[in-house]
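Listed below are the residues making up each chain.
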Amino acid sequence: MNRVLLGLICGLVFGSLDVVLMLPMEFPDKRAALLGAFLDRFAIGFVIGCVRLEWPGWLVGLAFGLLLSLPSAVITKSYIPILVGGVIDAVD
């Protein structure tokens, strides 16, 4: 499968999954929170789908999931849910 297409599919799946998990939560600006979460997880899926490394797939997912989730975790100070979510999305 084309790596860019794989990245787009992974991004859409990871982003949608994160939005579904966040729907029951309350936010001051729910629309912005859901859009931000979708874009954040979409980026993880897209990068993981497109990257070509000689590492095992699970290790690529783990490394990029953590790396791309760290900025959001630091900004929100919600380390555990964001980092765990990034790793789960990426390793799937």
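Higher on the page you've got the structure.
Throughout what follows, the structure given in this document is the object of discussion. (Residues numbered from 1 in each chain as written. Predicted model: local features only at pLDDT ≥ 70, side-chain atom pairs only at ≥ 80, totals over all residues. Heavy atoms only, no water.)

**Focus on the pattern of salt bridges**
Here comes step 1: Counted according to the given criterion, the structure contains two salt bridges.
Here comes step 2: Close ionic contact of Asp 18 with Arg 41 constitutes a salt bridge, the shortest N to O distance being 3.6 Å. One end of the pair, Asp 18, is in helix H1 (residues 3-22); the other, Arg 41, is in helix H2 (residues 30-50), and 23 residues separate them in sequence.
Here comes step 3: Here Asp 18 falls in the buried class, since its relative accessible area comes to 13%.
Here comes step 4: With a relative accessible area of 3%, Arg 41 lands in the buried category.
Here comes step 5: Within the structure, one salt-bridge network assembled from shared partners comprises Asp 18, Asp 40 and Arg 41. (Salt bridge = Lys/Arg side-chain N within 4 Å of Asp/Glu carboxyl O. Helix = DSSP H or I, 4+ residues; strand = E, 2+ residues; numbered from the N terminus. Buried < 20%, exposed > 50% of the residue type's maximum accessible area, 1.4 Å probe, protein only.)

**Quick notes on the nonpolar core**
Here comes step 1: Ile 44, Ile 48, Val 51, Val 60, Phe 64 and Ala 90 form the largest nonpolar core, which has six residues in total.
Here comes step 2: Looking at this core, the elements with two or more residues in it are H2 and helix H3 (57-76). (Core = buried A, V, L, I, M, F, W, Y, C linked by side-chain atoms within 4.5 Å.)

Worth remembering: the numbers are spatial, not functional.
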